[in-house]
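Chains, contacts and geometry: an overview
This is what each chain is made of:
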Amino acid sequence: MKNKILKTVISGFTILLLAACGSDQTSSTPSNEKVQLTMNSQFATVHHIHRNVYEPFLKIVDEKTNGQVSVELHPNSALGAPDTSYDDIKNGVYDVGMITATNALNTPFFPYTIGTLPFAFPDLETAYNVLEKFEVKHPPKKANQDLYNLGPVALTEPQTIFSRTPIKSVEDLKGMKIAFQGGKGIEKLVTSWGATPVVIKGVDVYQALERGVVDASLYTVLGGMGSKIHEVGPYLLDLNIFNTPLITVMSKDVYERMPDNVKEAFDNEISGQVPTMYKGSYDSELAKAKEQLTQELEGKGGWIKLSPEEEAKIKLGAKAAWDAWIEEANKKGYDGEQLVADFKEILKEEGVELPF
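Residues numbered from 1 in each chain as written. Predicted model: local features only at pLDDT ≥ 70, side-chain atom pairs only at ≥ 80, totals over all residues. Heavy atoms only, no water.

Let's talk about the side chain of threonine 220
Structurally, the position occupied by threonine 220 is in strand 9 (residues 216-220). At a separation of 3.3 Å, a polar atom in the side chain of threonine 220 contacts the side chain of glutamate 157. In this structure, threonine 220 is in contact with Glu157, Pro158, Gln159 and Phe162, ignoring residues within four places of it in sequence. (Helix = DSSP H or I, 4+ residues; strand = E, 2+ residues; numbered from the N terminus. Polar contact = N/O pair within 3.5 Å; in protein donor to acceptor, adjacent residues only side chain to side chain. Contact = heavy atoms within 4.5 Å.)

Some points on helix 2 (residues 48-64)
For helix 2, with 17 residues, the first-to-last C-alpha span of 23 Å sits near the 24 Å given by 1.5 Å per residue. The complete set of buried residues in helix 2 reads His48, Ile49, His50, Val53, Tyr54, Phe57, Ile60 and Val61. Positive phi appears at asparagine 66, one or two residues downstream of helix 2, with a value of about 55 degrees. (Expected span 1.5 Å × (residues − 1). Buried < 20%, exposed > 50% of the residue type's maximum accessible area, 1.4 Å probe, protein only.)

A closer look at the layout of surface pockets
Approximately 240 Å³ is the volume attributed to the second largest pocket. Lining the second largest pocket are 16 residues, with Phe121, Pro122, Asn240, Glu311 and Lys315 sitting closest to its centre. Here the lining of the second largest pocket is built from residues that sort into eight nonpolar, two polar and six charged. (1 Å grid on protein atoms, 1.4 Å probe; cavity = no way out; pocket = protein on both sides within 12 Å on 5 of 7 lines; lining within 4 Å. Points joined across faces, edges and corners; volume = space filled by probe spheres on them. Nonpolar A, V, L, I, M, F, W, Y, C, P; charged D, E, K, R; others polar.)

As for the confidence of the model for the protein chain
Summarising the model, the protein chain shows a mean pLDDT of 90, and 92% of its residues fall at 70 or more. In this model residues 1-28 is a low-confidence stretch, pLDDT under 50, and it forms zero contacts with partners more than four residues away in sequence or in other chains. (pLDDT = per-residue confidence, 0-100.)

Here's the deal with the sheet that holds strand 10 (residues 235-237)
Strand pairing in a sheet relies on backbone hydrogen bonds, with the paired strands running either antiparallel or parallel. With mixed pairing, the six strands of this open sheet are ordered in space as 8-7-9-6-10-12. Single-partner strands in this sheet number two, and they are strand 8 (196-199) and strand 12 (302-304). Within this sheet the neighbouring strands show an average axis-to-axis angle of 30 degrees, counted without direction. Contacting strand 7 (177-180), strand 8 and strand 9, helix 7 (residues 184-192) crosses the sheet at an angle of about 145 degrees to strand 8. (Pairing = 2+ DSSP bridges. Axes fitted to C-alpha atoms, helices over the stretch in contact; angles between N-to-C directions.)

A few points about empty space enclosed by the protein
Rolled over the atoms, a probe sized like a water molecule indicates the empty space that remains. Evaluation of the coordinates by the stated rule reveals two cavities of 30 Å³ or more. Approximately 70 Å³ is the volume found for the largest cavity. Around the largest cavity, the lining residues are Asn40, Ser41, Gln42, Tyr54, Ser77, Gly80, Ala81, Pro82, Ser85, Tyr94, Gly97 and Met98. By residue class, the composition of the lining of the largest cavity is five nonpolar, seven polar and no charged. By volume, the second largest cavity is sized at about 60 Å³. In terms of residue class, the lining of the second largest cavity is made up of six nonpolar, two polar and two charged.

Here we look at the pairing of strand 9
Among the five residues of strand 9, five are classified as buried, and the element is accordingly described as predominantly covered. Of the two faces of strand 9, the one holding Ala216, Leu218 and Thr220 and the one holding Ser217 and Tyr219 are both buried throughout. Pairing analysis gives five bridges linking strand 6 (residues 159-163) to strand 9, with the strands arranged antiparallel. Directly across from glutamine 159, in strand 9, lies its bridge partner threonine 220.

See below:
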């Protein structure tokens, strides 16, 4: 009788043990499970970023995961506006997307808006090197709790000035109404030139220039060319004013639920590809755009190279913009002075001399 009871107890324990093991197996994500990601893009399908970055990214993900992960790309901000991208990705509206510095002011990525400070970078190569070192020194700890970062910060090509009339000196800027798309620092910079800053959405700049509502506009060369801004603002300053950092991220929740082999693929082979492709696209497309603009604007306007003296005068106004950034950082609870000191130290390491 005792043996019968013992066998029954052991049998019952075995069943419970097997059930527990089975429960553990089903709670983990199978390594061969298919993963479908949704990606939101603020760019149209004709944009060079869509063509040179996002479409290749989809192929890289497919290749590096052996077809286990597929990405459904939605252009033209179909899944959400750019200014809500951080919260949209964090809250699962979509899985993958890009956050621009201009839309990161009220997010944990705020420190990287330091990359928008005027006249910080002489070229795109230096910009990438500096921001990568800055990111290592100041990792986005809070953001990393919400989002999975798909590599270092990338950057757009620099903004310059498109104008209705030639600008050959800081005196030519005085009294002008200059369009820009927001930001206290840039507002301070424009004001320092004796000009009037006018906040205008990018889509409205062409009409504003055409109708004389503004005399000039800050705009990227590629963006301006795509929007035909050069038709109504045919004079372009050959001057790198500021870049815009770009941060490509994935929902941390989505990443954590991925099979381990897929996580390894993203960690070791996929993450970091997007910033590299951004840089390659901006480099190649900018060179082509400058050449095309030179040809199209012959006899109508064109590129203006300032004298070293006049360039120095225009750049002096940047100090007000940098001071405004420090003030904003302090208000948000950061040590603005220390962040800028670290930024300046890295710039010095890269051979950059600031104009103030």
